[in-house]
Amino acid sequence: MKSLHSLRRTELLAAGAATITVLLWASAFVSIRSAGEAYAPGALALGRLLAGALVLGVICLIRREGLPPRAAWPGIVVSGLLWFGLYMVVLNWGEQKVDAGTAALVVNVGPLIMALLAGWLLKEGLPPRLLAGMAVSFAGAAVVGLSMSGEGSASVLGVLLCLLAAVAYAGGVVAQKPALRHGSALQVTAFGCAIGAVACLPFAGQLVSDAADAPLSATLNMLYLGVFPTALAFTTWAFALARTTAGKMGATTYAVPALVVLMSWVALDEVPGWITLVGGLVCLAGVAVSRSRPRTAPAAAEVGPAAATGPVAAAPETSPEPQREQA
């Protein structure tokens with residue numbers, strides 16, 4: 001009974017952490033769009049990462065978290081360069097070309113790319129449903145791209161940049177998952193954020209120049225991005241990821257695009273066009289196809305309770321389910 005209570009408590013904590021992540025990452029798309037009017041993509045990424053690294057560093061000192069174990073460093077370095085570094089720069093750039101809702105819809109092909117990378121790099125295989133879902137999602141991305149072509153080449157570039165952000169995000173998460181087996185969620189997040197900040201240091205001069213001319217609201221948005229969607233949300237993400245399956249984490253973030261469209265409508269008076277929304281929904285449908293599983297065969301159901309501990313039940317733990325990343 002005690003172990004069952006402990007398991008339930010862990011599930012609730014993971015669900016709560018994932019909910020915080022979803023809300024804060026959704027708000028990040030809106031804040032990026034707002035701050036991007038005054039800050040260049042690289043400068044905004046560096047300012048955000050410096051703020052996040054400072055907050056996480058203070059928390060690490062208070063909690064007396066030391067350096068991560070050696071085995072965690074490869075994953076931390078790769079996730080820091082891809083997810084904290086490259087992802088944030090290209091997403092900032094993409095959101096200067098397209099609205100926040102469109103960016104969120106396109107970035108949501110990330111979970112599919114993640115599953116593809118895991119199948120290739122982690123030798124988990126490429127099931128037919130994954131390939132079918134990939135085809136559907138990229139068809140949706142093509143619809144989004146075509147819908148934006150009427151807005152000029154800049155908008156098409158924005159869609160391509162968001163796709164690149166999805167690739168960087170997927171690669172970063174695939175690298176982060178193994179690191180969480182050796183380091184704590186706080187360690188993996190704090191040092192990944194610091195590595196991303198170091199990678200973005202070439203934009204330091206631009207950050208100083210932009211900060212001198214930026215309105216206070218843009219600078220506050222940048223600091224918000226560093227403290228909440230980065231320091232807090234990335235930590236709650238890692239906390240939940242270490243305590244649940246990747247598939248469950250992926251499912252919790254499916255609400256991000258809808259939240260972003262609602263937030264950007266309220267805060268920025270931006271709503272993607274109908275064709276863009278349809279393309280985004282097709283992208284999400286592709287993710288759903290890749291995440292779906294064949295129905296359990298009747299024979300398996302007749303085997304009895306013992307079958308629940310076999311491969312069917314174990315599949316969510318061992319297969320590379322896609323996760324969602326946001327900003």
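Note on numbering: residues in each chain are counted from 1, in written sequence order. Since the coordinates come from a predicted model, pLDDT governs what is reported: local features require at least 70, and pairs of side-chain atoms require 80 or more to be given and counted, while whole-chain, interface and lining totals use all residues. Water and hydrogen atoms play no part in the side-chain values, which are based on all heavy atoms of the structure.

Let us now look at the environment of L54. Along the chain, L54 falls in helix 2 (residues 41–63). Through-space distance from the C-alpha of L54 to that of A231 is 8.8 Å; in sequence the pair is 177 residues apart. Secondary structure elements follow DSSP: runs of H or I no shorter than four residues count as helices, runs of E no shorter than two count as strands, and numbering proceeds from the N terminus.

Okay, the confidence of the model for the chain next. Confidence in the prediction for the chain averages 79 pLDDT; 76% of positions are at 70 or higher. Mean pLDDT per element in the chain: helix 15 (residues 311–318) is the minimum at 36, and helix 9 (residues 204–213) is the maximum at 97. A residue's pLDDT is simply how confident the predictor is in it, with values from 0 to 100. Contact between two residues is taken to exist if any of their heavy atoms lie within 4.5 Å; hydrogens are not considered. Confidence drops under a pLDDT of 50 for residues 297–325, and excluding neighbours within four residues, the segment shows 51 contacts in the predicted structure.

Turning to its location among the elements, S27 is positioned in helix 1 (residues 2–35). Each residue is placed in one exposure class: buried if its accessible area under a 1.4 Å probe, protein chains only, is under 20% of its type's maximum, exposed if it is over 50%, and partly exposed if it falls in between. Since its relative accessible area comes to 11%, S27 is described here as buried. Not counting residues within four places of it along the chain, the set of residues in contact with S27 comprises Y224, P229 and M263.

Mapping T236 onto the fold places it in helix 10 (residues 216–241). Sequence-distant contacts of T236, that is, excluding residues within four places in its chain, are made with A17, I20 and T21.

Aromatic pairs are defined between Phe, Tyr and Trp rings, using the six-membered ring for Trp, whenever the two ring centres lie within 6.5 Å; interplanar angles under 30 degrees are classed as stacked, those over 60 as edge-to-face, and all others as tilted. Applying the stated criterion across every chain yields a total of 11 aromatic pairs. Ring geometry for W25 and W237: centres 5.1 Å apart, planes at 40 degrees, overall tilted. With W25 in helix 1 and W237 in helix 10, this residue pair connects regions lying 212 residues apart in the sequence. Taking the relative accessible area as the measure of exposure, W25 reaches 0% and is therefore buried. Using a relative accessible area of 0% as the deciding quantity, one classes W237 as buried. Relative to F84, the ring of W83 has its centre 6.1 Å away and its plane inclined at 50 degrees; by these criteria the two rings are tilted. By relative accessible area, W83 is classed as buried at 0%. An aromatic cluster is present here, built from W25, W83, F84, Y87, Y169, F234 and W237 joined pairwise through their rings.

Another aspect to go through is the packing of helix 2 against helix 9. Packed helices, taken two at a time, are described by their axes: the angle between them and the distance between them. Only C-alpha atoms enter the line fits that serve as axes; for helices the fit covers just the stretch in contact. Angles between N-to-C directions range over 0 to 180 degrees. Packing of helix 2 against helix 9 leaves a shortest axis separation of 8 Å and a crossing angle of 90 degrees. It follows from the interaxial angle that helix 2 and helix 9 lie roughly perpendicular. When helix 2 is examined against helix 9, the residues A43, L46, G47 and L50 are found in contact with a partner set consisting of A204, Q206, L207 and D210. Of the residues that constitute the contact of helix 2 with helix 9, the class distribution is five nonpolar, two polar and one charged. Comment on the angle field: the value is read as roughly parallel under 35 degrees, roughly antiparallel over 145, roughly perpendicular from 65 to 115, and oblique elsewhere. All amino acids are sorted into three groups, where Ala, Val, Leu, Ile, Met, Phe, Trp, Tyr, Cys and Pro are nonpolar, Asp, Glu, Lys and Arg are charged, and the leftover types, Gly among them, are polar.

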